[in-house]
Amino acid sequence: MKIKIIIPTDKIQDPIIAESMVETKVLLNIMVANIDSTYGELIADVKDSQFNKIKKALESKGAVVAVLDRPITRDEEECVECGACISVCPMKVYSFDEDWSLCVDEKKCIQCGMCIKMCPHGALKLGE
C-alpha cells in the first residue's frame, strides 16, 4: 500500500521515520521524499498488514499519515498526448506506445502530482 507521510515544521529535525521503523520493525520503501528545513513529505510503500502498526508509531511522533488510494485519472478528450507527463513522472507511469499514443500504467502511480502540475491541458486529475 502506498502512503503519504507529512512531517510538520516543528518535527522536521526529529528522526521520526527512523525511530518508527526501528520501534515497529516495519520496513518502508521510500519512493519519493521532499524534505527541507521547514517541511517534509514522503511517499512510501508498506505491506498492508503492517500499515496500522507504522501509522500509529508515526502519528505518535507528530507525523500525519494518509493512504494513497486515489490514482491519477486522465480525461482522454482533453489529453493531446503531448508527453509532458512522461518527462516528469518519477515512476514511469506514462509512456508512448509504438503508434505514439499515450499509455498509462496506473498501478505504478504514487500520486505525487508532478504530472498534474506539468499537463498543459489540465487533462490529469487526482481520482475521487
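For the structure itself, consult the block above.
These remarks concern the structure in this document.

Each value, and the rule that gives it
Residues numbered from 1 in each chain as written. Predicted model: local features only at pLDDT ≥ 70, side-chain atom pairs only at ≥ 80, totals over all residues. Heavy atoms only, no water. Salt bridge = Lys/Arg side-chain N within 4 Å of Asp/Glu carboxyl O. Buried < 20%, exposed > 50% of the residue type's maximum accessible area, 1.4 Å probe, protein only. Helix = DSSP H or I, 4+ residues; strand = E, 2+ residues; numbered from the N terminus. Contact = heavy atoms within 4.5 Å. Pairing = 2+ DSSP bridges. Axes fitted to C-alpha atoms, helices over the stretch in contact; angles between N-to-C directions. Arc of directions from axis to C-beta. Patch = residues over 30% accessible without salt bridge, like charges linked within 9 Å, V, L, I, M, F, W, Y side chains within 5 Å. Areas by Shrake-Rupley, 256 points an atom, 1.4 Å probe, with all protein chains shown as cover. Lys, Arg positive; Asp, Glu negative; His and termini not counted. Charge placed at Lys NZ, Arg CZ, Asp CG, Glu CD. Disulfide = S-S within 2.5 Å.

Turning next to the pattern of salt bridges. One pass over the full model with this rule turns up four salt bridges. The shortest N-O distance in the salt bridge between Glu 81 and Arg 74 comes to 3.9 Å. Its relative accessible area of 22% is what places Arg 74 among the partly exposed residues.

A few words on the environment of Cys 82. Position of Cys 82 among the secondary structure elements: in the loop between β5 (72–74) and α3 (84–88). Taking the C-alpha atoms as reference points, Cys 82 and Lys 56, separated by 26 residues in sequence, lie 42 Å from one another. Filtering out sequence-adjacent residues up to four positions away, Cys 82 remains in contact with Phe 96 and Pro 120.

Attention shifts here to the sheet that holds strand β1 (residues 2–7). Spatially, β2-β3-β1-β4 is the arrangement adopted by the four strands of the open sheet, whose pairing is antiparallel. The open sheet terminates on both sides in strands that have one partner only, identified here as β2 (29–35) and β4 (64–67). Strand-to-strand twist of the sheet, defined as the mean angle between neighbouring strand axes without regard to direction, takes the value 15 degrees. Summarising the sheet, β1 and β4 pair through four bridges and their orientation is antiparallel. Across the sheet, residue Ile 5 finds its bridge partner in β4, namely Val 65.

Okay, helix α1 (residues 16–24) next. Those residues of α1 that fall on the buried side of the exposure criterion are Ile 16, Ile 17, Ser 20 and Thr 24. Seen along its axis, α1 keeps its buried residues to an arc of 95 degrees; they face one direction. The secondary structure elements touched by the buried residues of α1 are β1, β2, β3 (40–45) and α2 (51–60). Phi turns positive, to about 60 degrees, at Lys 25, one or two residues after α1.

Let us now look at a negative patch on the surface. A cluster of acidic side chains, namely Asp 75, Glu 76, Glu 77 and Glu 78, defines a negative patch on the protein surface. Take Asp 75: it is sitting in the loop between β5 and α3. Accessibility expressed as a relative area gives 39% for Asp 75, which makes it partly exposed.

Further remarks concern the state of the cysteines. On inspection of all chains with the given rule, the structure shows zero disulfides. Here Cys 119 stays free of any disulfide, with the sulfur of Cys 82 as its closest cysteine sulfur at 6.1 Å. You can call Cys 119 buried: its relative accessible area is 18%.

All we've got here are geometric facts, nothing functional implied.
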